[in-house]
Every structure is written in structure tokens, then in C-alpha cells.
Amino acid sequence: MSTPTNDESHLWVTWDDYNRLIERLTLQVHQSGWKFDKILCLARGGMRVGDVMSRIFDVPLGILATSSYREAAGTKQGDMDIAQFITITRGTLSGRVLLVDDMVDTGKTFSKVYDHLKSQFADITELRSAVLWWKGHSQATPDYYVEKLPTNPWIHQPFEDYDSLRPHQLEAWIRKGYKS
Ligand SMILES: O=P(O)(O)OC[C@H]1O[C@H](OP(=O)(O)OP(=O)(O)O)[C@H](O)[C@@H]1O
């Protein structure tokens, strides 16, 4: 099946696009010359970004779970949850930390996470952020981003296929070789 056409309201992203974007973001952070000690990714959307970057930079990866309650078929953000604890190997979250996520949409997640980190992790000495996509209507500004999206399109990420795939459909899905 071919990927639908992108327009002002929709951005369709393949696995290849997605992986290239993560690599480009990683290169951008590297070329900035900034050195950091740890990466903190926001689950779930930032997990793949954090995974790849922590491998390439060879630094520990922390995970913080956040989740928004979205209305209007997922397009309007309501309240959000931040997990109480961060899980990380090798110590605690401290020093220079790179916060990564897939996107900054309204900016609400970043604002709340910044407040949370400031109040809970006094040992963080510097915090910078990196995302694949930064939407124009956002109230937050990431330090690093790959694509700025002034028209605020709905981003169709490749893993969203799994949101509607159920275990009993997997056999047929694999047989069909649906999307690579
Ligand atoms: O800038 P904002 O408007 O706050 O939105 C950005 C956040 O929304 C998405 O996560 P979501 O809360 O939908 O959870 P998910 O990662 O589990 O999909 C995305 O992964 C970001 O974390």
C-alpha cells in the first residue's frame, strides 16, 4: 500500500523516514558540540528516539512515562499524567541531561516535564531538549529539532499501525507483508 500524500493537515511518516529523522537529530546534537551525561526520553513517543541516541552517544538512557488524555479523535489535548519515578541505569538523573521526545505539539508536555524535573532532580546541572518535529503552535521551544511544522499537521507515525492491530489479526498482517 502506498503512503498517502502529505498536505497542510497531514504528515505521513514511514519507518525509513522515521529512522532517518532520528539519525539527523543525533547528528545535529553531535555537531552542536554540546556534551551531556545522560539522555531522558519520554515514553512512549520518545522511546525509539532515546534508544537510538543513547546507543550512538553511548550514554545511559532514562525513561519517564507521560501520557495525555486527548479529545476529538486524539487531536485536542486535555490533562496529562507524569509518572512519579524515572527509571535509569547507572545512578540517578543528574548532570547535563538531554531530554528527547518525538515531537513538541502544544508544548504542554515539555512545560510540565521541565517543572517536574526542576522540582524533583536538583542534581541536573543543564537540560536541553531534542525532538523530531516541532509544531508551529507550540508554547515550548526545543533546543534541537529536525522539522518545524508551521501548519501543525497531524503526524501519522509508523507505529500507529499497531494501535488498531490486534493479536488475532497478526497472522494475516504478517502474511500480507503490510508496510515495511
Ligand atoms: O506538546 P504536547 O501537546 O504536550 O504533545 C507532545 C506529546 O504528545 C505525544 O505523547 P502522548 O501524550 O500522546 O503519549 P504517547 O507518547 O504514549 O503517544 C508525544 O509523544 C509527546 O510526548
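This text follows the structure it describes.
Residues numbered from 1 in each chain as written. Predicted model: local features only at pLDDT ≥ 70, side-chain atom pairs only at ≥ 80, totals over all residues. Heavy atoms only, no water.

### With respect to the side chain of Asp-102
Topologically, Asp-102 is positioned in strand E6 (residues 95–104). For the buried Asp-102, no salt bridge exists, and the shortest N-O distance to an oppositely charged side chain is 7.7 Å, to Arg-48. Beyond its immediate stretch of four places on either side in the chain, Asp-102 contacts Gly-45, Gly-46, Val-49, Val-131, Leu-132, Trp-133, Gln-157 and Phe-159. (Helix = DSSP H or I, 4+ residues; strand = E, 2+ residues; numbered from the N terminus. Buried < 20%, exposed > 50% of the residue type's maximum accessible area, 1.4 Å probe, protein only. Lys, Arg positive; Asp, Glu negative; His and termini not counted. Salt bridge = Lys/Arg side-chain N within 4 Å of Asp/Glu carboxyl O. Contact = heavy atoms within 4.5 Å.)

### So, the pattern of salt bridges
Under the definition given, this model contains five salt bridges. Of the charged contacts, one joins Arg-96 and Asp-37 as a salt bridge, the two residues approaching to 3.1 Å between their closest N and O atoms. Of this pair, Arg-96 sits in strand E6 while Asp-37 sits in the loop between helix H1 (15–32) and strand E2 (38–43), and the two are 59 residues apart along the sequence. By relative accessible area, which is 31% here, Arg-96 ends up partly exposed. For Asp-37, a relative accessible area of 30% gives the class partly exposed.

### Regarding the packing of aromatic side chains
This structure, assessed with the given rule, holds nine aromatic pairs. Considering the side-chain rings of Trp-15 and Tyr-18, the 5.7 Å spacing of their centres and the 85° angle between planes classify their relative orientation as edge-to-face. Linking Trp-15 with Tyr-18, this pair stays in helix H1, spanning three residues, or about one helical turn. Using a relative accessible area of 23% as the deciding quantity, one classes Trp-15 as partly exposed. Judged by relative accessible area, Tyr-18 falls into the buried class, the value being 0%. With 6.5 Å between their ring centres and 50° between their planes, Tyr-162 and Trp-173 make a pair best called tilted. (Phe/Tyr/Trp six-rings, centres within 6.5 Å; stacked < 30°, edge-to-face > 60°.)

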